[in-house]
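# A structural walkthrough
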Amino acid sequence: MEIRDAARPLDGAAVSAFLRSLPARPDLLGLGEAMHFVTELGEARNAIFRHLVEHEGFRAFAIESDCLKALLVDEYVTTGAGDLDEVMERGFSHGFGAFPANRELVRWMREHNERHGDRLRFFGIDGPLEYWAASPREALAGLYALVDGPPCSWETIDELLGPDARWSDEATVLDPSRSIGQSDDARRLRLITDDLITLLETQAPRLSPADRERAELYARTAVGLLRYHHWMADTSPARVSRLSAVRDALMAANLRAIAAHGPVLVFSHNLHLQRSGSTMTFGDQELAWWSAGALVSAHLGDRYAFIASALGALGDDGPPPGTLEGALATLPWERALADARALAAAVPGAAPRTSPHYAYFPLDPAQIGTADGVLFLGRVRVPDWPRGPRE
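Residues numbered from 1 in each chain as written. Predicted model: local features only at pLDDT ≥ 70, side-chain atom pairs only at ≥ 80, totals over all residues. Heavy atoms only, no water.

### Here we look at the packing of aromatic side chains
- On inspection of all chains with the given rule, the structure shows 7 aromatic pairs.
- Seen in terms of ring centroids, Phe37 and Phe99 are 5.9 Å apart; in terms of plane orientation they differ by 90 degrees. Their pairing is edge-to-face. Placement of the pair is Phe37 in the loop between strand E2 (28-33) and helix H2 (39-56) and Phe99 in the loop between helix H4 (84-90) and helix H5 (100-115), with a sequence separation of 62 residues. Exposure class is identical for Phe37 and Phe99. Each is buried.
- Look at Phe49 and Trp108: their rings are 6.1 Å apart centre to centre, the planes differ by 80 degrees, and that puts the pair in the edge-to-face class. (Phe/Tyr/Trp six-rings, centres within 6.5 Å; stacked < 30°, edge-to-face > 60°. Helix = DSSP H or I, 4+ residues; strand = E, 2+ residues; numbered from the N terminus. Buried < 20%, exposed > 50% of the residue type's maximum accessible area, 1.4 Å probe, protein only.)

### A closer look at the pattern of salt bridges
- All chains considered together, the criterion is met by 22 salt bridges.
- Among the salt bridges present, the one from Arg247 reaches Glu64, with a minimum N-O distance of 3.2 Å. Note that Arg247 is positioned in helix H10 (residues 239-258) and Glu64 in strand E3 (residues 60-66), a separation of 183 residues in sequence. Assigned by exposure class, Arg247 and Glu64 land together as buried.
- Put simply, Asp169 and Arg178 hold a salt bridge, and the shortest N to O gap is 2.8 Å.
- With a relative accessible area of 43%, Arg178 lands in the partly exposed category.
- Put simply, Glu64, Asp126 and Arg247 are held in one network by salt bridges that share partners. (Salt bridge = Lys/Arg side-chain N within 4 Å of Asp/Glu carboxyl O.)

### Observations concerning helix H8 (residues 184-202)
- With 19 residues, H8 extends 28 Å from end C-alpha to end C-alpha; this agrees with the ideal 27 Å at 1.5 Å per step.
- The set of residues buried in H8 consists of Ala186, Leu189, Ile192, Thr193, Leu196, Ile197 and Leu200. For H8, the buried positions fall inside an angular range of 145 degrees around the axis, keeping them on one side. Pointing more than 90 degrees away from the buried face of H8 are the exposed residues Asp184, Leu191, Glu201 and Thr202.
- Against helix H6 (137-146), helix H7 (154-161) and helix H9 (209-232) lie the buried residues of H8. (Expected span 1.5 Å × (residues − 1). Arc of directions from axis to C-beta. Contact = heavy atoms within 4.5 Å.)

Below is the structure:
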């Protein structure tokens, strides 16, 4: 098979044809990033989402950003509450609010909802996490307010939480002894959280669908944060891999809940959305964990689909011949959408690409057949990173 037979130029027809090629219509369609803050990828994503909304019945968008902060964006998108500048500043984590393509997407979603009765929704899939974690206070307070007859007073929880600064200490990234995640207070909070979640489950009929959705989000986030803090205090060699696994498990739990609003386009790093296990170098460690995409796929099966992104020339760094990206660069289109399995058959034995850009993750040719599609961008600008981690 020739590589040109595995791909077609990216446009609405290509996106619709890709959906029709899948064994089932997905509730979640993942679009992965090989690198954050790539302007051309953000623009392509926006065009894909607009087509999915206008022609394929998609009604929600989810992004790798703080799931609680995203509530502010969803409120703006669905009701118009707030100011766009404030929403972009306060409604995103990881510096994603400063990315122009995200602002354009939020603006377009709001304008769409003003014109149509069937509202679009906006979700975050990540926890309140960077490499460190926030205090579980907001999540616990939200959950506490929505259950009837909580097992203790809020004053008890507030005393166990203490100052938020002791939870959000960035020094815990490198020094587990600074973390309070395995303290007596943290252990008691985990038990109280479990009691609150049990009450939520027993009281589900009295809550409106919106309150139940919000309470379940707070519950997932509180549990995920307390688990994450527990492993922040761990001193074993498995510490950072376990933190990555706990983070992706929270993402997967959020994705499974968001699937109820499907079909949904999900935008996150390839490492989080791929069906295979994820690996990453962190200092002198090689991390390995199951991605959120792998976890979700285990539950949703064919109702989860994944398009990985691949980049050609990144500034002056072009893909070498013999690599998967080098083969894709021979296509006559600047933007292309390829069938992943046909692509794997067309480029057998492709070599892995290496790049001087630390934040760029080239595709692993050995894993490409586990994706459903590949979005290829022939030339992109090197992003200016606002701040934060590489993935």
